[in-house]
Amino acid sequence: MKSDHSCELDFGPLAASSLRFPADFLWGVSTAAHQVEGGNDNNQWSAWESAGRIKSGDRCGRACDWWSDAERDFDLAREIGVNSLRLSVEWSRIEPDEGRWDPAAIQRYQEMLQALHDRGIQPMICLHHFTHPIWFENKGGFLGMEASRLFERFTRHVLHELGDFCQHWVTFNEPNVYGALGHVLGEFPPGSKGQILRAIRVVGAMARAHTAAYRAIHELQPGAQVGWAHNYIVFQPANPDFAPDRWICGLLNELFNESFLQLMEQGRLGFPFSLVGKRDSGSKGMCDFVGLNVYSRFHVAFDLRCASTLFGRVFVPGHVPQGDSGVEGPYGEAYPEAIRVAVRRAASLGKPIYILENGVPDAQDRIRPWLIVKAVQEMHSLIHEGFDLRGYFHWTLTDNFEWSEGWRLRFGLVALDPDSQLRTMRGSGRLYGTIVRSNELSPETVARYGSPEMNVIRG
Ligand code: GCO
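Worth saying up front: this structure is predicted, and the values here are computed from it rather than measured. (Residues numbered from 1 in each chain as written. Predicted model: local features only at pLDDT ≥ 70, side-chain atom pairs only at ≥ 80, totals over all residues. Heavy atoms only, no water.)

## Digging into the overall build of the protein
Defined as follows: What counts as a helix is a DSSP run of H or I of at least four residues, what counts as a strand is a run of E of at least two, and both are numbered from the N terminus. Radius of gyration here is computed from C-alpha atoms only, and the compact-globule reference equals 2.2 Å multiplied by the residue count raised to the power 0.38. Categorising residues by exposure relies on relative accessible area from a 1.4 Å probe, with only protein chains included: less than 20% of the type maximum marks a residue as buried, more than 50% marks it as exposed, and the intermediate range marks it as partly exposed. Contacts: residue pairs with any heavy atoms within 4.5 Å of one another. Using a 1.4 Å probe, the Shrake-Rupley method yields the accessible areas, and only the shown protein chains count as cover for residues. His is not counted here, nor are the chain ends, while Lys and Arg score as positive and Asp and Glu score as negative. The location of each charge is read from NZ of Lys, CZ of Arg, CG of Asp or CD of Glu.
For the protein, the helix and strand inventory stands at 14 helices and 13 strands. On C-alpha atoms alone, the protein measures out to a radius of gyration of 21 Å, which is about the 23 Å that the 2.2 N^0.38 rule sets for 459 residues. In the protein, buried positions account for 61% of the 459 residues. Expressed as a percentage of contacts within the protein between residues at least 6 apart in sequence, the contacts between residues at least 24 apart total 75%. Of the roughly 17,300 Å² that the protein leaves accessible, carbon and sulfur atoms contribute 51%. For the protein, the distance from the average site of its 46 positive side-chain charges to the average site of its 55 negative ones is 4 Å.

Right under this line is the structure:
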């Protein structure tokens, strides 16, 4: 559904001039607790790292040292000029043992949130960004009998202690990635492979936990805006004229992109996945906005050798724009046009939309400037077409610990040397700052960075 939001806004003269954004547009950066805080040793990701499962062999270590000094990066966020910052709270710090709450952890989060407010930056808090306490994992994670109740109790505690600082809440980051990488691809804890049915059950269980949290947040803070962050990948049949490629591509799309969206839109999964799990999750309409994390397009070919991924071989052709490569393979095509595909799909929920992550691993800043400019152009035209797009959060502020890739992939607007903790603003950080501070994209910037031709890797 489109809104008439754009009609009420004064974008200024359109001509061949700057692309102006609505005055209340949120320009932000996105982060996650485990990736930036440092010293987290009581969640399932620290156990995964101790078991030697980080592909690069790196240690998270101090990460970006936020637990001691997030304020240093908040100063950089202010220097860039963002008006919002997405961060997550670490459940394993706040409730280190089941039912035991740590007031010192809450106090540190209060300081951090106050520090953001002092810099004129509005926080958006995510309650679960891939990590949870080891005790919760030992009870079966989200497939455990008490998962919803325990997550809701944690949510209530956070709202009670931190609610004064925040109005925008993200319950979960990417239930689809959490399910797929943890149970199908084996790259996230608990590391199972090919367990597609279990991945679907996990996504369903997270929808129930989300719903419990949604209700609790609204009870405690009636004006709250509550959503989740949905990873949206564009899947493209390798050969659109070959029916098996089209079929497998559609199935992966249904499984990955559609599952959680359909639970929020209709309260149930679409066929054939509706055959798994409960028919009604009770989650229909249980969000005030849709958050989209959008990065890539993947090509998909039918391949009998790929049984664990439903016979879909997912790959990135050599000739497309790409950032840096991961330890075992490409991160994905850098595809800002995916924003358009994702927003059009999410619009059918009839809720405001935020791009909660978009970025590229690019230590040398080869294509990040182009990606940012292209993303901003896409968003501007979507808003003009009437889509209710309210904000953009770039992933990420400072290079941070990229899950099983460790320090290998650098997504920051600010470069970080994790040993010395020295920070250097990248050119793309300065470019993003120019856009967000002026709330517009100038024709000069488009002319300078609007084409990937000069800096794309060619395969
Ligand atoms: C994810 C996360 C982030 C990542 C980012 C870059 O999608 O995995 O939300 O934690 O770091 O997307 O891969």
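Still more ground to cover, so stick around.
## Considering the site of the ligand
Note the following rule: Only a single heavy atom is needed: when it lies within 4 Å of a molecule or strand, its residue is near that molecule or strand. For the purposes of these results, a polar contact is taken to be a pair of N or O atoms within 3.5 Å, where, inside protein, one atom must be able to donate a hydrogen and its partner to accept one; residues adjacent in sequence count only when each atom of the pair is a side-chain atom. Under the convention adopted here, Pro, Cys and the residues Ala, Val, Leu, Ile, Met, Phe, Trp and Tyr are nonpolar, Asp, Glu, Lys and Arg are charged, and Gly plus all remaining residues are polar.
Around the ligand sit 14 residues in total, of which Gln-35, Glu-174, Tyr-331, Glu-357 and Glu-402 are the nearest. Here Glu-357 contributes a side-chain N or O atom positioned 2.7 Å from an oxygen atom of the ligand. Burial of the ligand by the protein chains amounts to 95% of its free accessible area of 320 Å². A breakdown of the residues in the shell around the ligand according to their chemical character gives six nonpolar, five polar and three charged.

## Quick notes on the pattern of salt bridges
Just so we agree on the cut-off: For salt bridges, the criterion is a side-chain nitrogen of Lys or Arg within 4 Å of an Asp or Glu carboxyl oxygen.
Counting across every chain of the model gives 35 salt bridges. Note that Glu-440 is salt-bridged to Arg-20, the shortest N-O span being 2.7 Å. You can see Glu-440 sitting in strand S13 (residues 440-441) and its partner Arg-20 sitting in strand S1 (residues 19-20), a full 420 residues away along the chain. Between Glu-95 and Arg-153 there is a salt bridge; the shortest N-O distance is 2.8 Å. On the criterion of sequence distance, the pair formed by Glu-95 in the loop between helix H4 (91-94) and helix H5 (103-118) and Arg-153 in helix H7 (residues 147-162) is long-range, its members being 58 residues apart.

## Section: helix H10 (residues 243-266)
Inclusion rule: An expected span of 1.5 Å times one less than the residue number is assigned to each helix. The term bend refers to the angle at a residue between two fitted axes, each drawn through seven residues, those ending there and those starting there.
Along its 24 residues, H10 runs just 29 Å from first to last C-alpha, ending more than 12% under the 34 Å computed at 1.5 Å per residue. Where H10 bends most, at Glu-258, the angle is about 60°. Two residues or fewer after H10 comes Gly-267, characterised by a positive phi angle close to 80°.

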